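# Topology and contacts: notes
Read off the chains here:
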Amino acid sequence: MNAINTPTDLSPQARTAAIVQGLLAFMARDGASDEAFNQQALALFVHQFQHNPAFQRFCRQKGQTPRTVNRWQGIPAVPISAFKALTLSCQPLADTDRVFMTSGTTQGDVKGKHHHPTLAVYDASMRANFSQRFMRGTDRMAMGILFPTEVEMPNSSLAHYLALAVQDFGTAGSQYFLTPQGLDTARLCAALAQAEQTGTPYALLGASYSLVHLMDALLQQGRSFALPAGSRVLDTGGFKGQSRDIPMAQFYAQLSSLLGVPASHCINMYGMTELSTQFYDAGNAVLPSVKSGPHWIRSRLVNPMTGEEVAHGAHGVLAHCDLANFNSVTTILTEDVGVAVDGGFLLLGRAEGAQAKGCSLAVEAFLQAARV
Amino acid sequence: MTTLHAVAGYLPGFRAEELAWQTLHFEGPGERLEVAVPELSPAQWVALAERVKQGSRAYLKTRTVSQIIAVVDRAVARLLDPADPWRQQADRLLPLVTGFDAEMVRLGLTAYLKTFRQPQLQRFVAEDFANPKLLDEFQPRPKGGFAKAMGPDLLVHIWAGNVPGLPIWSLISGLLVKAGNIGKLPGAEPLFAGWFARLLVDEDPGLADCLAVGWWKGGDAAREQALFAQADVVLAYGGNAALQALRQQVPVTTRFLGYGHKLSFGMVSRAALDARKAQGTAHLAAYDVVRYDQQGCYSPQLFFVERGGKVSPRDFSQYLAHELASFEHKFARRVLPLDDAASVARWQQAQEMQLFTQPGNALIGEADAPWRVAYADQLQPLAPSALNRTVQVVAVDRLEDVVPVIGRSRAFLQTVGLAAAPAELFALAEALGRAGVTRISALGAMTAPEAGWHHDGRFNLLDLVQMVEIEQSAELAAERFAPYAD
């Protein structure tokens, strides 16, 4: 039925190698028809059901097996909280695995873990997608990174993502500007000033909240830049309470005015520790911007209680089927609210724990109190 | 889809065109409701505060408590009358605003209003004042001298939540101590408080300037500061974060009474779990869950059920599930907006994850059922449910075992619905009270506190007044200056 339903007598490593090979070929194609995507997704489902015991139990709890699932939409979507509670891996865990962890907000929080026996697929997914959606035909650029290095944060998927960006798409002059003491504004301003003077396009990439810190520093110093044409910004992750929370329109307007990069060149990346593929928009001149991914990831908007797809145009919670997630689970249920539109989806924010409508204590408030 | 319109609030001394108006939108099956809520500028709030203070001084403070009770009784009687247009309006619009089942709102409102009739209000006052005349005139004190309880000139209420009618609890408390009252409407149910104010004024036009009800968007520091600076007492309902923010706007010399969100639960003794009684117990427990979909601070979020009865805790969770399913036919759960649905989903996912490590647990009900019962085989840390008819049944060897577990959440505890034998009741009451619980009711009565209930263990009326004392020395000293002194 498909290319990657591997014989079970192979060693786990050999199985993984075969799957990786098949996936890399799939990703290298120009695109994928519905049928091709479906086949690949179902093949991976069979594989993950067979070799990922926690996932198999999860599926059985939902009454689903490879016998009952015949479309990729029917693959049980694993809630991201399961990455905290369960070990989701087809290959037995090894010291050589790269493990990406979610950022817990306090010490007591359990972190979600995503096991990667190899990063070959993650890296290929990132490179192909980043090249097309952010570099847009440019081979290399001088990059400024507003995030810790991969050495400082070995379990951060974003640190790895940004390290790949610098390694494969950055020029020698690329630098990190986030030190343990905070944002090195002076060095960053010097780099921006140099780009301005030499007319060399510059790319600034980092966490959304670090960009807010940068803007706050620039405003305080009364400084601004007019970066040369072709310069661009990539932000990701939202503000997470790490900086002031500002409306998106204001965020991009301020980025434009302080850096001289038009909102059309300010690109937001939407990624998750639990995925191996990222989504991008085509700039943020018009808000909210449409997010989309490459041909090896598909998304649905579902009712979070039933997992059933909501009517087109209705708000739902995003469920992603990422074929690059070959070792954990392809299909995850997020806590992000979105709405389907032509060409992708709009991201409307996190489904915050419902605010108490009455006077009964709600979970979020209780947890918050427990953290203090 | 038809669109209905309503105007919220009651603001004496202002013409509609002098105010800014905001529209709050509500939607039910086939119907929309637009509620116009009045917004005052900071200066208008100050002017209103002055008006209400003067009004209460000039009129309310000259009335006796009995006279005030009589007016409230007449207003409540009208709301209890199914033929009265005010009541009909409430029955028509409150389900639309809150999303709650119409019949549930109707029954709940009637039961609630009955606690504000004349005899119940007298009891309400007597709970806090053994001698209610303390509120009317200086009364002799056993220690000597005289004392009078004086209500504030201005009591500001910050109401919150979608449980219909809740604001009138504190509003009536304010009236009983003869305070001038200004209330901020809850955005989730902005109608009832304003209606009640108008009804009161209709019954006693003298009250016209003694109370007012308006609105602003929560977190508006300028308005909050302007109004709170005029208040003697600020009474607020809300989550701790909201209360914290409000308290920062209240002058240090002004009394702040905060009522935070609470967690309540049920306890079922093995004595209530024989074959004959267990189903009835589960029925009452389910009723407490269904009432207002657990939105009230007194609503149970979980049940601790004792092992050793004829019916096991696990079987009890099945009984409870069955009763919740039956209630759905009578009182359908409100349609959940996406954020609530996401919360319920997250709670379900967490329960499902636990099934992997705790094979003795169970999750009862279909994923899309409008209720879910999670059964836990072992005692675990106290945690809220996702509300909206999601509830946990926790098996315990002995009910006393619950006490150390809940103690860590002391600040959030409120009601315990208890099904137990008399000796157990009193032994547990002592331990629960020490742990922070302030109210113990029967199962089935959790959501209907009796008249004169001490909300969160506090004194509804005593907390609002200040005592003015004439000490014996003053009385004796005065004698010397009497014209007839020898």
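Residues numbered from 1 in each chain as written. Chains lettered and ligands numbered in written order. Predicted model: local features only at pLDDT ≥ 70, side-chain atom pairs only at ≥ 80, totals over all residues.

### A word on the overall build of chain B
Scanning chain B from terminus to terminus reveals 15 helices and 18 strands. Its C-alpha atoms give chain B principal-axis dimensions of about 85 × 60 × 45 Å. Pairs at least 24 residues apart make up 74% of the contacts formed inside chain B by residues separated by at least 6 positions. (Helix = DSSP H or I, 4+ residues; strand = E, 2+ residues; numbered from the N terminus. Contact = placed C-beta atoms within 7 Å.)

### A closer look at the pairing of strand β16 (residues 413–419) of chain B
Residue and element names in this part refer to chain B. Counting buried positions along β16 gives seven out of seven residues, so the element sits mostly inside the fold. Bridging between strand β11 (residues 263–268) and β16 involves five bridges; their strand directions are parallel. Looking across to β16, one finds that Leu263 is bridged to Leu413. One ladder, built from four bridges, connects β16 with strand β17 (residues 439–442); its direction is parallel. When the bridges of β17 are listed, Gly417 appears paired with Ser441. In this fold, β16 hands off to helix α14 (residues 422–435), which returns the chain to β17; that crossover is right-handed. (Buried ≥ 20, exposed ≤ 12 C-beta atoms within 10 Å, placed from the backbone. Pairing = 2+ DSSP bridges. Right-handed = clockwise from strand over helix to strand, strands pointing away.)

### Regarding the environment of Gly173 of chain A
All names here are of chain A. With respect to the helices and strands, the residue Gly173 is situated in the loop between α6 (157–169) and β5 (175–176). A tally of 15 C-beta atoms within 10 Å means that Gly173 is categorised as partly exposed. For Gly173 and His160, which are 13 residues apart along the polypeptide, the C-alpha to C-alpha distance reads 19 Å.

### Digging into the environment of Val396 of chain B
With respect to the helices, strands and loops of the structure, Val396 of chain B is situated in strand β15 (residues 390–396). Judged by the 19 C-beta atoms lying within 10 Å of it, Val396 of chain B is partly exposed.

### Details of helix α8 (residues 208–221) of chain A
Side chains of residues three or four places apart in an α-helix project in the same direction, reflecting 3.6 residues per turn. Residues and elements named next belong to chain A. A rise of 1.5 Å per residue sets the reference length of α8, with its 14 residues, at 20 Å; its end C-alpha atoms lie 20 Å apart and thus fit the reference within 8%. Residues Ser208, Tyr209, Ser210, Leu211, Val212, Leu214, Met215 and Leu218 constitute the buried set of α8. Looking one or two residues past α8, Gly222 carries a phi angle of roughly 65°, positive in sign. (Expected span 1.5 Å × (residues − 1).)

### Regarding the domain arrangement of chain B
Residues and elements named next belong to chain B. Taken domain by domain, chain B holds domain 1 (2–261 + 454–470) and domain 2 (263–442). Using only C-alpha atoms to locate each centre, domain 1 and domain 2 end up separated by 32 Å. Contact residues are listed per partner, giving 13 residues for domain 1 and 12 residues for domain 2. A breakdown of the residues in the side of domain 1 that touches domain 2 according to their chemical character gives three nonpolar, seven polar and three charged. (Domains from an automatic or database assignment. Nonpolar A, V, L, I, M, F, W, Y, C, P; charged D, E, K, R; others polar.)

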